[in-house]
Amino acid sequence: MRDIPWSKFYYDEDEKKQVLEVFETGWFSSGPKVEEFEKRMAEYVGVKYAVAVSTGTAALDIALKIVGVKRDDEVIIPAMTYIATANAVCYQDATPVFADIDPKTYTICPKEIEKLITPRTRCIIPVDYAGHAADYDAINAIARKHKLAVVEDGAPGLCGSYKGKKLCSFGDIAITSFHVAKIFSTIEGGMLFTNNEDYYKKARIIRWQGEDPKKKYYHPLVGFNYRMTDLHAAIGLAQTSAKRIAAVLESRRTGAEYYLKRLAGVPGITLPYVSPDCEHPWFLFPTLVNNRDAIQQFLLEKGVKANVSWPLPVYKQEAYEKYQHYDCPVTEKVTSSVLCLPLYFKITKDDQDYVIETLQAALEKFAHLKTAKIS
Ligand SMILES: Cc1ncc(COP(=O)(O)O)c(C=O)c1O
């Protein structure tokens, strides 16, 4: 039987060479590889500064501390996101406030944000769902009007763009994740991006136990050990060479276009939308289907591991039930029907054909339900 994962970590001789170099120099902890990786990513994204950390969640935690989110503040986040976005708000003893998402892009809906602003609101965290940009013009206008900070959660967004500008360059600070399932990975890892020198300096201090960079063992701030190691950065350097980035993005684009072409007009499935303002890096290929759980199980039994990102609005997660929330009908519909098809670097047409045929068989089998189109 086939075994087609939803995501696949790619590595070749480049990764092995980079890692070997670390062993040869003997510098394993945070050092020259981390610095080189930060410089490369800042240039790629088009911002002045990048700070590498141990995970995307750590990057979010640092970003919220730096923009000044404190106890009892409110932070507006999309109701459909990975739990890390909400968890990072809770690390500040602040309150996550859940906004509904846009029915086309599945990113936070600016009109919904406006409705949720109170005197306690301090920050907005837009998420680049599946790699599609949030509506930054509208979000930044709201933030300016109400004097709110914006932290871009670009964990899924690296390599995408909005109106010609690369993702992970929006907001006061942006973050990304290099978790092993991401388009580019350091196995575990994360990064902050900013043009603000003060924020940059603070991020470096916080990730390093709050230590004064010029005075070892002197600590002006309470910090964390959120460092990335050179071993992880070495993998990141191999992953993000200009040649590799171009090849990976081209492969994902071709794969996504193939799904879009072959699944166009198939009854019972809503295909992902791409705004003309955006370039999509295709971290995920999110479709909507009725009877999603049965279809996912059917695919799994045939060796197709489609992914559900994510199955519940965050406010329905047990840990978040205590938070008040308003109705989020789009989030409810999308979380109950989203199914992300396998897509990764070097996925073969043959595997994609198998996914498509298996999916079509599943759709026919469960066709007695109406289509999942969102109006
Ligand atoms: C939207 C979002 N934010 C934050 C994170 C956290 O990143 P990490 O897993 O590297 O901590 C993820 C990870 O998948 C994510 O999808």
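Comments concerning the site of the ligand
Thinking step 1. Near the ligand lie 15 residues; those nearest to it are Gly56, Thr57, Asp153, Ser177 and Lys182.
Thinking step 2. Within the backbone of Gly56, one N or O atom sits 2.8 Å away from an oxygen atom of the ligand.
Thinking step 3. Separating an oxygen atom of the ligand from a side-chain N or O atom of Thr57 is a distance of 2.5 Å.
Thinking step 4. Across the complex, the protein chains shield 91% of the 390 Å² of accessible surface that the ligand would expose by itself.
Thinking step 5. The set of elements that each furnish at least two residues to the shell around the ligand consists of α3 (56-66) and α4 (83-91).
Thinking step 6. Examining the composition of the shell around the ligand, we find that three residues originate from one element, α3, more than from any other.
Thinking step 7. Its residues assigned to classes, the shell around the ligand comprises six nonpolar, seven polar and two charged.

Here's the deal with unusual backbone geometry
Backbone phi values are negative for most residues with the exception of glycine, while trans is the configuration of most peptide bonds.
Thinking step 1. Ser309 connects to Trp310 through a cis peptide bond whose omega is 10°.
Thinking step 2. The topology assignment puts Trp310 in the loop between α10 (292-301) and α11 (329-337).
Thinking step 3. Phi at Lys147 is positive, roughly 55°, even though this residue is not glycine.
Thinking step 4. Topologically, Lys147 is positioned in the loop between α6 (136-146) and β5 (149-153).

Let's talk about the sheet that holds strand β9 (residues 190-194)
Thinking step 1. Pairing in this open sheet of seven strands is mixed, and the strands run β1-β9-β8-β5-β4-β2-β3 from one edge to the other. Looking at strand neighbours, the two that pair on one side only are β1 (49-53) and β3 (95-99), the edges of this open sheet. The sheet shows a mean angle of 25° between the axes of neighbouring strands, direction not considered.
Thinking step 2. Set on the sheet, α3 makes contact with β1, β4 (121-124), β5, β8 (173-177) and β9; between it and β8 the angle comes to about 170°.
Thinking step 3. Packing of helix α7 (residues 197-207) onto the sheet brings it into contact with β1, β8 and β9, and relative to β1 it is tilted by some 15°.

Details of the packing of α3 against α4
Thinking step 1. Between α3 and α4, the shortest axis-to-axis distance is 9 Å and the interhelical angle comes to 45°. The angle between the axes of α3 and α4 places the two elements in the oblique class. In terms of crossing hand, the pair formed by α3 and α4 is right-handed. Taken together, the residues of α4 that come into contact with α3 (itself represented by Thr57, Leu60, Asp61, Leu64 and Lys65) are Ala84, Thr85, Ala88, Val89 and Tyr91.
Thinking step 2. Grouping the constituent residues of the contact of α3 with α4 by class yields six nonpolar, two polar and two charged.

Here's the deal with the nonpolar core
Thinking step 1. In terms of nonpolar packing, the biggest core is built from 64 residues, with Tyr129, Phe193, Tyr259, Ile295 and Leu359 touching the most fellow members.
Thinking step 2. When residues are assigned to domains, this core turns out to be shared by domain 1 (13-239) and domain 2 (249-365), each giving three or more.
Thinking step 3. When residues no more than four places from it in sequence are discounted, the contact partners of Leu359 are Leu263, Ile269, Ile295, Leu299, Leu339 and Leu341.
Thinking step 4. Judged by nonpolar contacts, the second largest core, of 38 residues, contains Val75, Ile175, Tyr315 and Tyr320.

A closer look at the side chain of Ser309
Thinking step 1. Topologically, Ser309 is positioned in the loop between α10 and α11.
Thinking step 2. Engagement of the side chain of Ser309 in a polar contact is seen with the side chain of Asn307, the distance being 2.5 Å.
Thinking step 3. Excluding anything up to four places from it in sequence, Ser309 contacts Tyr129, Leu284, Val338 and Cys340.

Topic: the environment of Val51
Thinking step 1. Mapped onto the elements, Val51 comes out in strand β1.
Thinking step 2. The buried category is assigned to Val51, whose relative accessible area is 2%.
Thinking step 3. Spatially, the C-alpha atom of Val51 lies 39 Å from that of Val355, the residues being 304 residues apart in sequence.
Thinking step 4. Sequence-distant contacts of Val51, that is, excluding residues within four places in its chain, are made with Glu38, Gly190, Met191, Leu192, Tyr200, Ala203, Arg204 and Arg207.

Describing the domain arrangement of the protein chain
Thinking step 1. By the assigned domains, the protein chain splits into domain 1 (13-239) and domain 2 (249-365).
Thinking step 2. Computed over C-alpha atoms only, the centres of domain 1 and domain 2 are separated by 25 Å.
Thinking step 3. Opposite the 38 residues of domain 1 that make contact, domain 2 presents 34 residues.
Thinking step 4. Taken together, both faces of the contact between domain 1 and domain 2 bury some 3000 Å²; the carbon and sulfur share is 69%.
Thinking step 5. On the surface where domain 1 and domain 2 come into contact, there are zero salt bridges.
Thinking step 6. Tallied by class, residues from the side of domain 1 that touches domain 2 come to 23 nonpolar, ten polar and five charged.

Some thoughts on the environment of Arg120
Thinking step 1. Tracing the chain through its elements places Arg120 in the loop between α5 (110-116) and β4.
Thinking step 2. On the accessibility criterion, Arg120 (40% relative accessible area) is partly exposed.
Thinking step 3. Separated by 115 residues in sequence, Arg120 and Ile235 place their C-alpha atoms 42 Å apart.
Thinking step 4. Discounting residues that sit within four places of it in the chain, Arg120 has contacts with Asp72, Asp73, Glu74 and Thr95.

With respect to the packing of aromatic side chains
Thinking step 1. Summed over all chains, the structure comprises 19 aromatic pairs.
Thinking step 2. Geometrically, the ring pair formed by Phe37 and Phe178 is tilted, given 5.1 Å between the ring centres and 50° between the ring planes. Residue Phe37 is found in helix α2 (residues 32-45), and its partner Phe178 is found in the loop between β8 and β9; the two are separated by 141 residues along the sequence. Across the pair, Phe178 and Phe37 agree in class, each one buried.
Thinking step 3. The interplanar angle of 80° and the centroid separation of 5.6 Å between the aromatic rings of Tyr162 and Phe170 together place this pair among those described as edge-to-face.

What counts and what doesn't
- Every chain is numbered independently, its residues counted from 1 as its sequence is written.
- Given that this is a predicted model, residues contribute local features only at a pLDDT of at least 70 and side-chain atom pairs are listed and counted only at 80 or more, while totals for whole chains, interfaces and linings are drawn from all residues.
- Heavy atoms throughout the structure, all of them, feed into the side-chain values; hydrogens and water do not.
- Here a residue is near a molecule or strand as soon as one of its heavy atoms is found within 4 Å of it.
- Here a polar contact is recorded for every N or O atom pair within 3.5 Å, except that within protein the pair must consist of a potential hydrogen donor and a potential acceptor, and residues adjacent in sequence are included only if both atoms are side-chain atoms.
- Using the Shrake-Rupley algorithm and a 1.4 Å probe, accessible areas are obtained, with residue cover drawn only from the displayed protein chains.
- The way it works is that DSSP assigns letters per residue, a run of H or I at least four long becomes a helix, a run of E at least two long becomes a strand, and they are numbered from the N terminus.
- Note that Gly is not counted as nonpolar here; it falls among the polar residues with everything else outside the nonpolar set of Ala, Val, Leu, Ile, Met, Phe, Trp, Tyr, Cys and Pro and the charged set of Asp, Glu, Lys and Arg.
- The criterion for strand pairing is that DSSP finds at least two bridges linking the strands in question.
- Helix axes are fitted only over the stretch in contact, all axes being lines through C-alpha atoms; the angle between N-to-C directions runs from 0 to 180 degrees.
- Contacts were defined at the residue level, with two residues in contact if any of their heavy atoms lie within 4.5 Å.
- For this classification, under 35 degrees means roughly parallel, over 145 means roughly antiparallel, 65 to 115 means roughly perpendicular, and everything else is oblique.
- Note: crossing handedness is left-handed where the near helix turns anticlockwise from the far helix by less than a right angle, and right-handed where it turns clockwise.
- Grouping buried Ala, Val, Leu, Ile, Met, Phe, Trp, Tyr and Cys residues that are joined through side-chain atoms within 4.5 Å yields what is termed a nonpolar core.
- The buried label goes to any residue with under 20% of its type's maximum accessible area, the exposed label to any with over 50%, and the partly exposed label to all in between, with areas taken from a 1.4 Å probe on protein chains only.
- Delimitation of the domains relies on an automatic or database domain assignment.
- Once two parts are joined, some of their accessible surface, as seen by a 1.4 Å probe, is lost; buried area is that loss totalled over both.
- When a carboxyl oxygen of Asp or Glu lies within 4 Å of a side-chain nitrogen of Lys or Arg, that pair is called a salt bridge.
- Any two rings among Phe, Tyr and Trp, with Trp reduced to its six-membered ring, count as a pair given centres within 6.5 Å; such a pair is stacked if its planes are under 30 degrees apart, edge-to-face if over 60, and tilted if neither.

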